[in-house]
Amino acid sequence: MTEPTFEPSGVDATLRALLADVLGLGEERAAALTDASGLFGELPEFDSMAVATVLTEMEDRLGIIIDDDEIDGEIFETYGNLLAFSRCKVNG
């Protein structure tokens, strides 16, 4: 089976769509996220229950595997951190 290949902008678009869906942000709020936008602790929708769902959706939509030991709180501090982590996983 061939792994999905994403351009960096494709990872960004996929991640924004995922957050819009999982957190119920809507397309406009998701599109307005910047690298410095806070996530966990900043967005009321992004709580500890949402973290697990976001990780599962990232695996499904980006075609990646995320090991428990790869996850720390820093990844969810900002959209930029989450995007960088996602790109790193997709690009190997």
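Caption draft 1: Spatial organisation of the nonpolar core. The biggest cluster of nonpolar side chains holds 25 residues, and the ones touching the most others in it are Leu19, Leu23, Phe46, Met58, Phe76, Tyr79 and Leu82. Elements with a contribution of two residues or more to this core: helix 1 (8-23), helix 3 (48-62) and helix 4 (79-91). Considering each element in turn, this core owes the most residues, six residues, to helix 3.

Caption draft 2: Main features of helix 3. Taking 1.5 Å per residue, 15 residues should reach 21 Å; helix 3 reaches 21 Å between its end C-alpha atoms and fits that length. Where helix 3 begins, one side-chain oxygen reaches toward the backbone nitrogen of Met49, 3.2 Å away; that side chain belongs to Asp47. Gly63 lies just past helix 3 and shows a positive phi near 65 degrees.

Caption draft 3: The arrangement of the environment of Asp21 in detail. Along the polypeptide, Asp21 turns up in helix 1. C-alpha separation for the pair Asp21 and Ala84, spaced 63 residues apart in sequence, amounts to 20 Å.

Caption draft 4: Main features of the pattern of salt bridges. Overall, the coordinates contain five salt bridges when judged by the stated rule. Asp12 is the salt-bridge partner of Arg16, the closest N and O atoms lying 2.9 Å from each other. Placement of the pair is Arg16 and Asp12 together in helix 1, with a separation of four residues, close to one helical turn. Look at Asp12 and you get buried, because its relative accessible area is 18%. A salt bridge links Lys89 to Glu70; its shortest N-O distance comes to 2.8 Å. Taken together, the residues Lys89 in helix 4 and Glu70 in the loop between helix 3 and helix 4 connect sequence positions 19 residues apart. You can call Glu70 partly exposed: its relative accessible area is 27%. Put simply, Asp21, Glu57 and Arg61 are held in one network by salt bridges that share partners.

Caption draft 5: The arrangement of helix 4 in detail. With 13 residues, helix 4 should reach 18 Å at 1.5 Å per residue; the first-to-last C-alpha distance of 18 Å fits that figure. Within helix 4, burial applies to Tyr79, Gly80, Leu82, Leu83, Phe85, Ser86 and Val90. Directly after helix 4, the chain includes Gly92, whose backbone phi takes a positive value near 75 degrees.

Caption draft 6: Highlighting the confidence of the model for the protein chain. Looking at the protein chain, pLDDT values average 91 and 90% of them are 70 or higher. When pLDDT is averaged over each element of the protein chain, helix 4 comes out on top at 97 and helix 1 at the bottom at 91. Confidence drops under pLDDT 50 across residues 1-6; counting only partners more than four residues distant or on other chains, this segment forms nine contacts.

Reading the values: rules and limits
What you see as residue numbers is a count from 1 along each chain, following the sequence as written. Given that this is a predicted model, residues contribute local features only at a pLDDT of at least 70 and side-chain atom pairs are listed and counted only at 80 or more, while totals for whole chains, interfaces and linings are drawn from all residues. Each side-chain value is worked out from all heavy atoms of the structure, with water and hydrogens disregarded. Among the buried residues, those of types Ala, Val, Leu, Ile, Met, Phe, Trp, Tyr and Cys that are joined through side-chain atoms within 4.5 Å form a nonpolar core. Throughout this description, buried means an accessible area under 20% of the type-specific maximum (1.4 Å probe, protein chains only), exposed means over 50%, and partly exposed covers the range between. Runs of E in the DSSP output that reach at least two residues are strands. Runs of H or I that reach at least four are helices, and both are numbered from the N terminus. One less than the number of residues in a helix, times 1.5 Å, gives the span that helix is expected to have. Any pair of N or O atoms that falls within 3.5 Å is considered a polar contact. Within protein, one atom must be able to donate a hydrogen and the other to accept it, and sequence-neighbouring residues count only if both atoms are side-chain atoms. Criterion for a salt bridge: a side-chain nitrogen of Lys or Arg within 4 Å of a carboxyl oxygen of Asp or Glu. Per-residue confidence from the predictor is reported as pLDDT, which spans 0 to 100. By the convention used here, residues are in contact when the closest approach between their heavy atoms is within 4.5 Å.

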